[in-house]
Amino acid sequence: MKILLIHFFTLLSFVSFGQELTTIKVSVPNTTDEVYIVGNQEALGSWEPNKIKMKKISDREREIELRLTFPAEFKFTRGSWESEGILNKPSNNPNLRIEDERSETTFIVKTWMDNIQSDKLGLDYNIKYIDSKLMGDKRMFYVYLPENYTPEKKYPVIYMTDGSTDNFQVAKSYINALSQGSFNIIPESILVSIVHKNRNEELYNVKSGAYFTEYLFQELVPFIDSSYSTSGFNAMIGHSNGAEYNHKLMLREDNPFRGFISLSTSFVTKPECKGELTDFFGSYEGKKIYYFIANATLDSPDRIEAGNTFESLYQSTTNAHMKFSKQTYQADHITIVPNGLIDGLKLIFYDYNNIEAYPTVVDYGENYLMNIEQIYGIQSRLSKADLEGYYMDIINNKNKEHYEYALALVEEHKLWNNGGFDPVNIANGYYLMGMYPETIEAYNQSFQKFERVEPLVFYANISRVVESYQKEGKISEGIVFLEKSRETLSKEYYLGVTYHIAKLSLDNNVEVEKGKEALEYCKANYRKNRHFIEDDLVAWGKQ
């Protein structure tokens, strides 16, 4: 009996300890929030989201006193699972736990699942909803806008299935990096990430997902187009079953997408799709489609075969209205996403910065912006970096016409320090082509536009215009130019320019008195410099 009593009191003590009265407090984002607590025991409503209501103790504080069995697991709602409280992030919002009487019992709900306020979560993207008539419920999706988004510009839209996975973070990072102004590999784009409720049924268009494609075409895409400044060029990223789903999307006549990135694809659910693809590749004549497939060496054999088959189908009836590429990566079914996605983005924007498509600077200037608007629906701009790609070709071929055309483009589009090239840099181009009269003319224009000229650049290149005067046999004119340069430049350049006067005069035996005067000045005021040494002056004195 004694032993039984000991066990009884031990058990009673344990139960009493586990059911102590516990006060739970929560701070909420809105003064009107009616809050329920829902959890793993009867005191917490046994996971019924609208059973146990908390007391309002201030505008943004709710409280309840409960006798709990530990450990207790629970969440907060506004009366339904669709209105679950978010304490961290929508994709990382686990059950709360109270292990014992020492556990934390005060919590903060940042926002609610049915009306997510992205700023409350510190997110760099927006969480949106559509009350879908086709799907019969509220559909969530994420919208990531370019950092400098403005309604004054048009943006391509990149959609992706499996939007609540880490794939979204990868896509967001890549799009942001590749569209940075210093790289400009792809244009600034809007990313729309689709959150599934029943992924496979939606991607296979069966059961609860029977109208998923219609939801995309008739509700989601129109919503994005009406809410944001979109260009009309849409692309879809799909991984695994989402990659297979891309094939089906492309074959739809009313398909709003022209770019597809398929990472680890398949033909499992619709083998007959192969024949449809063959017919499509042979007959399609619409706006250009961009299709990218990524295979992973460590993926399942059927997926590797599917990617290879797709490539073979395309190659059998190559279509000029399509740009296709398949790449294989040392990756598995999951890591194919970060490995392949970056190349997929570059492929769907293949024509965005494809300077090689324009053989000459004239082709580039006359067609590039027009083509970008026709293909991607956006207003782009010419790039100084792009023009530099033509520069050496122009110089090597001594093509004055193309050089002056390039100068006009730089001036028109303000590509050099918010304007055109300064006269010194213009003169340098002529000099490199051996066009000495043009070099002289351009350099002399510096005196009328000296506010656009960097004095150090003017002085550092002055030997080129001096050589041009010599080549043209215009020594006296060259001396006049140097005298004017000496008057225009600041005092720190006086000695160097005077040396050029002495050298041009005495080497060519023209206006010798000016040359001797300049030489004496250099001797009397010599200081160490990059252009001449004191021995040079002594040598002249012995001539």
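Residues numbered from 1 in each chain as written. Predicted model: local features only at pLDDT ≥ 70, side-chain atom pairs only at ≥ 80, totals over all residues. Heavy atoms only, no water.

Once that is clear, we can look at the environment of Thr111. Within the secondary structure, Thr111 is located in strand 10 (residues 111-112). For the pair Thr111 and Cys522, spaced 411 residues apart in sequence, the C-alpha to C-alpha distance is 77 Å. Those residues in contact with Thr111, other than ones at most four positions away along the chain, are Pro29, Glu84, Gly85, Ile86, Ile116, Gln117, Lys120 and Leu121. Among the polar contacts made by the side chain of Thr111, one reaches the main-chain amide nitrogen of Gln117 at a distance of 2.9 Å. (Helix = DSSP H or I, 4+ residues; strand = E, 2+ residues; numbered from the N terminus. Contact = heavy atoms within 4.5 Å. Polar contact = N/O pair within 3.5 Å; in protein donor to acceptor, adjacent residues only side chain to side chain.)

Across eight bridges, strand 17 (residues 289-296) lies against strand 18 (residues 322-329) in parallel orientation. Across the sheet, the residue bridging to Phe292 is Ser325, located in strand 18. Following the backbone out of strand 17, through helix 8 (residues 301-316) and into the adjacent parallel strand 18, one traces a crossover that is right-handed. (Pairing = 2+ DSSP bridges. Right-handed = clockwise from strand over helix to strand, strands pointing away.)

Now for helix 13 (residues 423-432). Within helix 13, eight of the ten residues are buried, leaving the element largely enclosed by the surrounding structure. Among all positions in helix 13, only Pro423, Val424, Ile426, Ala427, Asn428, Gly429, Tyr430 and Tyr431 are buried. At its buried positions, helix 13 is contacted by helix 11 (384-396), helix 12 (400-413), helix 14 (436-444), helix 15 (455-460) and helix 16 (462-471). (Buried < 20%, exposed > 50% of the residue type's maximum accessible area, 1.4 Å probe, protein only.)

If the charged atoms of two oppositely charged side chains come close together, the side chains can form a pair. Scanning all chains against the criterion turns up 27 salt bridges. Arg139 is paired through a salt bridge with Asp137; the nearest N and O atoms lie 3.3 Å apart. When its relative accessible area of 2% is taken as the criterion, Arg139 is described as buried. Close ionic contact of Asp343 with Lys346 constitutes a salt bridge, the shortest N to O distance being 3.9 Å. Taken together, the residues span about one helical turn, with Asp343 and Lys346 both in helix 9 (residues 336-348) at a distance of three residues. Among the residues examined, Lys346 registers a relative accessible area of 40% and is labelled partly exposed. Each of Asp137, Arg139, Lys197 and Glu202 takes part in one network of salt bridges that share partners. (Salt bridge = Lys/Arg side-chain N within 4 Å of Asp/Glu carboxyl O.)

What follows concerns unusual backbone geometry. Working note: non-glycine residues mostly have negative phi, and peptide bonds are mostly trans. Cis peptide bonds are those with omega within 30 degrees of zero, and the linkage from Phe70 to Pro71 qualifies with -5 degrees. Even without being a glycine, Asp162 presents a positive backbone phi close to 55 degrees. Note that Asp162 resides in the loop between strand 13 (155-160) and helix 3 (166-178). Positive phi, normally seen in glycine, also occurs at Lys414, with a value near 55 degrees. Of note, Lys414 is situated in the loop between helix 12 and helix 13.

One open sheet accounts for four strands, arranged 3-2-6-8; its pairing is antiparallel. Where the open sheet ends on each side, the last strands, each with one partner, are strand 3 (52-53) and strand 8 (96-98). Strand direction decides the pairing type here: strand 2 (residues 36-39) and strand 6 (residues 72-77), joined by four bridges, are antiparallel. Bridging across to strand 6, Gly39 finds its partner in Phe74.

This part takes up the packing of helix 10 (residues 361-376) against helix 12. It is the contact of helix 10 with helix 12, at a shortest axis distance of 9 Å, that shows an interaxial angle of 35 degrees. Of helix 12, the residues touching helix 10 (which contributes Val361, Val362, Gly365, Glu366 and Leu369) are His402, Tyr405, Ala406, Leu409 and His413. When its residues are assigned to classes, the contact of helix 10 with helix 12 shows six nonpolar, three polar and one charged. (Axes fitted to C-alpha atoms, helices over the stretch in contact; angles between N-to-C directions. Nonpolar A, V, L, I, M, F, W, Y, C, P; charged D, E, K, R; others polar.)

This part takes up empty space enclosed by the protein. Enumeration according to the criterion identifies one cavity of 30 Å³ or more in this entry. Size it by volume and the largest cavity reaches roughly 30 Å³. Among the residues forming the lining of the largest cavity, the class breakdown is four nonpolar, two polar and one charged. (1 Å grid on protein atoms, 1.4 Å probe; cavity = no way out; pocket = protein on both sides within 12 Å on 5 of 7 lines; lining within 4 Å. Points joined across faces, edges and corners; volume = space filled by probe spheres on them.)

Let us now look at the confidence of the model for the chain. With 96% of its residues at a pLDDT of 70 or more, the chain shows a mean pLDDT of 93. Every residue in residues 1-17 is under pLDDT 50, and counting partners more than four places away or in other chains gives three contacts. (pLDDT = per-residue confidence, 0-100.)

In this section: the layout of surface pockets. If a probe as big as a water molecule is rolled over the atoms, it shows which places are left empty. Counted as a void, the largest pocket has a volume near 600 Å³. Ser179, Gly181, Asn184, Glu188 and Tyr352 are, among the 30 residues lining the largest pocket, the residues nearest its centre. Only helix 3 and helix 11 provide two or more residues apiece to the lining of the largest pocket. Ranked by the residues each element gives to the lining of the largest pocket, the list is headed by helix 11, at three residues. Of the residues belonging to the lining of the largest pocket, the class tally is eleven nonpolar, twelve polar and seven charged.

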